[in-house]
Amino acid sequence: MALVGSGASMVFFARHATTVAHILALIVAILMIVWIVHYEGGANINSQDPNLVFNVHPLVMSLGFILMIGEAIMAYKTFPMEKIGQKFIHMMLQLFALVLGIFGIYVAFKYHGMSDSQNMTTLHSWLGMVTICLFGLQWLFGFLFFWFPRAPPMTREMAAPLHVTAGIAIFLMTICTAETGLMEKSIVPNSISEGQMINFTGLFILLFGVAVTVTIALRRISL
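Looking at an unreviewed UniProt entry, one finds the protein chain named Cytochrome b561 domain-containing protein, with Rhynchospora breviuscula as its source organism. Recorded in UniProt for the protein chain, the comment headed Function (unreviewed entry) runs: "Two-heme-containing cytochrome. Catalyzes ascorbate-dependent trans-membrane electron transfer by utilizing a concerted H(+)/e(-) transfer mechanism." The heading Cofactor (unreviewed entry) in the UniProt record of the protein chain holds the text "heme b".

Here it is, written out as structure tokens:
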């Protein structure tokens, strides 16, 4: 009875942690859009202004990469359907995030070319490149082992904990990468209010990462 009650409690808390994570994701999206549009003048990949080109990078990497990965991780709690359907949504959201992540890195390289600055000189850039490469390998591993052609059942059962653990670790690496990038922008903000906006955005990205991790931890405990 105690075990049953404990499992039910974990399911209850996991459901609410997922709701909190969704709310935090919405807050992050709003803060990021307000920062880029209000303080940085918008974003345009085709602009002749290097700064407007660069502004596409934080938008894509936060809304399309970090938040998308978090939502994909929580897909098993978000979508009430058969597990095969949840797996498909999880895989497609991760694929979408990977494509946008690659595009975000392309934007950064384009900005550096337009501004005559060197590539890969900061901790942020190093973390970002390592993270996107590991994420691509993680997606390929998951596709081959769990979707097509699929490994034998015993192999999948053994690989699942590794896949989950690696996924969470890579997700937390995306959070660290975002924080280092925001720190670079907050060193010399255009105004005090912009600096505060950047700090709050970084804070809520961190809280989103914590909420997603708690959701997964509680879900694993309740199984």
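Structure's up, so let's keep going.
Draft legend 1. Structural context of the UniProt feature "domain: Cytochrome b561" (unreviewed entry) in the protein chain. Taking the numbering used here, the UniProt-annotated feature "domain: Cytochrome b561" (unreviewed entry) corresponds to residues 20-217. Taken end to end, residues 20-217 has its terminal C-alpha atoms 15 Å apart, with 83% of it in helix and 0% in strand.

Draft legend 2. Highlighting the packing of aromatic side chains. Counted according to the given criterion, the structure contains 9 aromatic pairs. Centroid distance Phe88 to Trp147: 5.7 Å. Interplanar angle 40°. Geometry classified as tilted. Taken together, the residues span a long stretch of sequence, with Phe88 in helix H5 (residues 83-114) and Trp147 in the loop between helix H6 (123-146) and helix H7 (153-187) at a distance of 59 residues. A relative accessible area of 39% means that Phe88 is categorised as partly exposed. Under the relative-accessibility criterion, Trp147 is labelled partly exposed at 26%. Taking the centre distance of 4.3 Å and the plane angle of 25° together, the rings of Phe141 and Phe145 count as stacked.

Draft legend 3. Structural view of the UniProt feature "transmembrane region" (unreviewed entry) in the protein chain. The feature "transmembrane region" (unreviewed entry), as given by UniProt, occupies residues 12-36, 56-76, 88-109, 129-148, 160-178 and 198-218 in the numbering adopted here. In residues 198-218, helix accounts for 100% and strand for 0%; the two terminal C-alpha atoms are 30 Å from one another.

Rules used in this analysis
- Residues numbered from 1 in each chain as written.
- Predicted model: local features only at pLDDT ≥ 70, side-chain atom pairs only at ≥ 80, totals over all residues.
- Heavy atoms only, no water.
- UniProt positions renumbered as here; feature names shortened; annotations may be inferred.
- Helix = DSSP H or I, 4+ residues; strand = E, 2+ residues; numbered from the N terminus.
- Phe/Tyr/Trp six-rings, centres within 6.5 Å; stacked < 30°, edge-to-face > 60°.
- Buried < 20%, exposed > 50% of the residue type's maximum accessible area, 1.4 Å probe, protein only.

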